[in-house]
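The primary structure of each chain is shown beneath.
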Amino acid sequence: MQKMTVKDIDVKGKRVLVRVDFNVPVDDSGNITDDRRIRSAVPTIEYLVNQGARVILMCHFGRPKEPFDPEMKVDRMGERLAQIIGRPVCKLDDCVGEEVENKVFAMKDGDIILLENVRFYKDTKNDPEFTEKLAKLGEIFVNDAFGAAHRAHSSTFGVAKLLPSVAGFLMQKEIEIMGNALRNPDKPFVAILGGAKVSDKIGVIENLLTKVDTLLIGGGMAYTFLKAKGYEIGNSLLEEDKVRLAKELMDKAVSSNVKLLLPVDNIVADRFAIDADKKVVDSTAIPADWEGLDIGPKTQELFANVIKNAKTVVWNGPMGVFEMEPFAGGTKAVAEALAKCNGTTIVGGGDSAAAVEQLGFANKVTHVSTGGGASLEFLEGKDLPGVAALKDR
Ligand code: ADP
Ligand code: MG
């Protein structure tokens, strides 16, 4: 499970092909709105540069519908990286081919090149021809793109089969912190799960149920569980076809001696809108025609008290519709509780990470995963192909 990292190999004077995750959110004009993923890759890039490696960065951005769509190019990511590290980053207009090869083979020690979006080619198909062209550029492969590690693509998996391959520092940190929590957690181990759908999180719930002492469930998915307990949930989110499963998971919690806590009260609204009428009601008294959009104050306190005493906390999924301020309180309370907890606190999941960032708690927890889908699959206990392909220590 322990992977070799850039520290375990000699990179001086070598062409090092580094997969980074620069798939950052941008606004309508293409401006980067959150550069956390770029910043997170900097320690590996700086280390390689300082060791005298020739650093060839490759990344993907979005899902281009047509090759070389100007809106899907990664120039801005290169510019932002250059600003952050205070060194020139030579952005190329392609990621494979003769011109790219000429530039790459002429690099000097410490140079940085950023290749164009790999998704302009058949990266996602792990196309052998494309993989080979990419691999030709490097002598060593470093994967620092945890956020893309759950995919067996050319740039995450294919090249790792053709070159000696090790983890970057971000990759190592992600798999070490989350891996430790799953394998060997300090107890009590508490997981908080939320978000919209039970169906997205079944694998995570099932895996965590075998490991945690307490499982707290909030967010939209809590209502399917409340329904399974026989409560009326009004217009709250319901996955009818998952009610039975929710019941089974609650039974499993009992037989595994895991405390599973659901919201005891809720903020309900008369419609799904920022200016809706809202009120606090107990989970046993959700009115028909109203929908639960956040956990209530009693639940906030209940959850915060459990989190306070935990030695390991894993959180995935917001407690409410945090994008609308009136329904962000539960998510904020849980973020605050994590910030105050003295144990190891980990946030995984795209929206959860965004919420923690947006609410200003990102620096107050042990680790905010840069992977959305990847961290979910990791929490499900799956082997990520991009990780599995790296050399074992
Ligand atoms: P993550 O990306 O962290 O895994 P999800 O994608 O599963 O999280 O869920 C995030 C979404 O869940 C948010 O957009 C949020 O608005 C929504 N959500 C949370 N609670 C509710 C609720 N009670 N009703 C409807 N949607 C909710
Ligand atoms: Mg999400």
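Residues numbered from 1 in each chain as written. Chains lettered and ligands numbered in written order. Predicted model: local features only at pLDDT ≥ 70, side-chain atom pairs only at ≥ 80, totals over all residues. Heavy atoms only, no water.

**Q** Explain the domain arrangement of the protein chain to me, using residue names and the numbers behind them.
**A** Looking at the protein chain, the domain boundaries give domain 1 (6–169) and domain 2 (178–379). Using C-alpha coordinates to define each centre, domain 1 is positioned 35 Å away from domain 2. At the junction of the two partners, domain 1 supplies 10 residues and domain 2 supplies 13 residues. Interface area for domain 1 against domain 2, summed over the two sides, is near 810 Å², with a carbon-plus-sulfur share of 55%. Of all residues in domain 1, the largest losses of buried area upon contact with domain 2 belong to R36, F146 and H150, amounting jointly to 71% of the total for that side. Viewed at the interface, domain 2 and domain 1 are joined by one salt bridge. (Domains from an automatic or database assignment. Contact = heavy atoms within 4.5 Å. Buried area = accessible area lost by both parts, 1.4 Å probe. Salt bridge = Lys/Arg side-chain N within 4 Å of Asp/Glu carboxyl O.)

**Q** Talk me through the side chain of T44; I want residue IDs and the actual numbers.
**A** By the element assignment, T44 lies in helix α1 (residues 36–50). Contacts of T44, omitting those with residues within four sequence positions, involve V6, V142, D144, G168, F169 and L170. (Helix = DSSP H or I, 4+ residues; strand = E, 2+ residues; numbered from the N terminus.)

**Q** Would you mind going over the pairing of strand β2 (residues 54–58) in detail, with residue names and values included?
**A** Across the five residues that make up β2, a large majority, four, are buried. Across five bridges, strand β1 (residues 15–19) lies against β2 in parallel orientation. Along β2, the bridge assignment pairs R19 with M58. For the crossover that starts at β1, traverses α1 and ends in the parallel β2, the hand is right-handed. Sheet analysis places β2 next to strand β4 (residues 112–114), joined by three bridges and oriented parallel. Each residue of the ladder has a partner; that of I56, found in β4, is I113. (Buried < 20%, exposed > 50% of the residue type's maximum accessible area, 1.4 Å probe, protein only. Pairing = 2+ DSSP bridges. Right-handed = clockwise from strand over helix to strand, strands pointing away.)

**Q** Outline the packing of helix α4 (residues 128–136) against helix α5 (residues 154–162), supporting the account with residue identities and numerical values.
**A** The description of two packed helices rests on the angle between their axes and on the distance between the axes. Packing of α4 against α5 brings their axes to within 9 Å, and their N-to-C directions diverge by 70 degrees. Relative to α5, α4 is oriented roughly perpendicular. For the pair α4 and α5, the crossing hand works out as right-handed. Between α4 and α5, the residues in contact are F130, T131, E132, L134 and A135 and S154, S155, G158, V159 and L162, respectively. For the contact of α4 with α5, the residue count by class is five nonpolar, four polar and one charged. (Axes fitted to C-alpha atoms, helices over the stretch in contact; angles between N-to-C directions. Parallel < 35°, antiparallel > 145°, perpendicular 65-115°, else oblique. Left-handed = near helix turned anticlockwise from the far one by under 90°. Nonpolar A, V, L, I, M, F, W, Y, C, P; charged D, E, K, R; others polar.)

**Q** Quick rundown of the site of ligand 1? Include the residues and the values.
**A** The immediate surroundings of ligand 1 are formed by 19 residues, with K201, G292, E323, D351 and S352 found nearest. For ligand 1, an oxygen atom lies 3.1 Å from a polar atom in the backbone of A196. A distance of 3.4 Å separates an oxygen atom of ligand 1 from a polar atom in the backbone of G350. When ligand 1 is considered free in solution it has 580 Å² of accessible area, and contact with the protein chains removes 85% of it. For the shell around ligand 1, the elements supplying multiple residues, two or more each, are β12 (291–295) and α12 (350–358). Its residues assigned to classes, the shell around ligand 1 shows six nonpolar, 10 polar and three charged. (Near = heavy atom within 4 Å. Polar contact = N/O pair within 3.5 Å; in protein donor to acceptor, adjacent residues only side chain to side chain. Areas by Shrake-Rupley, 256 points an atom, 1.4 Å probe, with all protein chains shown as cover.)

**Q** Mind laying out the nonpolar core, listing which residues take part and the relevant values?
**A** In this structure, F146, M171, I205, L208, L215, I217 and F225 are the most contacted members of the largest nonpolar core, which totals 49 residues. Elements represented by at least two residues in this core include exactly α6 (169–183), β7 (189–193), α7 (198–209), β8 (214–217), α8 (222–228), α9 (243–255) and α13 (373–379). Residue assignment places this core across two domains, with domain 1 (6–169) and domain 2 (178–379) each supplying three or more. If we ignore the near neighbours within four places in the chain, the residues touching L208 are L182, F189, A191 and L193. (Core = buried A, V, L, I, M, F, W, Y, C linked by side-chain atoms within 4.5 Å.)

**Q** Got a sec to walk through helix α3 (residues 98–105)? Specific residues and values, please.
**A** Considered for burial, the residues of α3 that qualify are V100, E101 and V104. Looking down the long axis of α3, one finds its buried residues gathered within 100 degrees of arc, a one-sided arrangement. Counted as exposed and oriented over 90 degrees from the buried face of α3: E98 and E99. Those residues of α3 that are buried are in contact with β1, β2, β4 and α4. (Arc of directions from axis to C-beta.)

**Q** Describe the pattern of salt bridges, naming the residues involved and giving the relevant values.
**A** Taken as a whole and judged by the stated rule, the model has 24 salt bridges. Of the charged contacts in the structure, one is a salt bridge between R39 and D35, with a shortest N-O distance of 2.7 Å. Take R39: its relative accessible area is 41%, and that puts it in the partly exposed class. The class of D35 is buried, set by a relative accessible area of 14%. R119 is paired through a salt bridge with D123; the nearest N and O atoms lie 4.0 Å apart. With relative accessibility at 17%, the residue R119 sits in the buried group. Among the residues examined, D123 registers a relative accessible area of 0% and is labelled buried. The network of salt bridges with common partners includes K73, D75, K91, D93 and E116.

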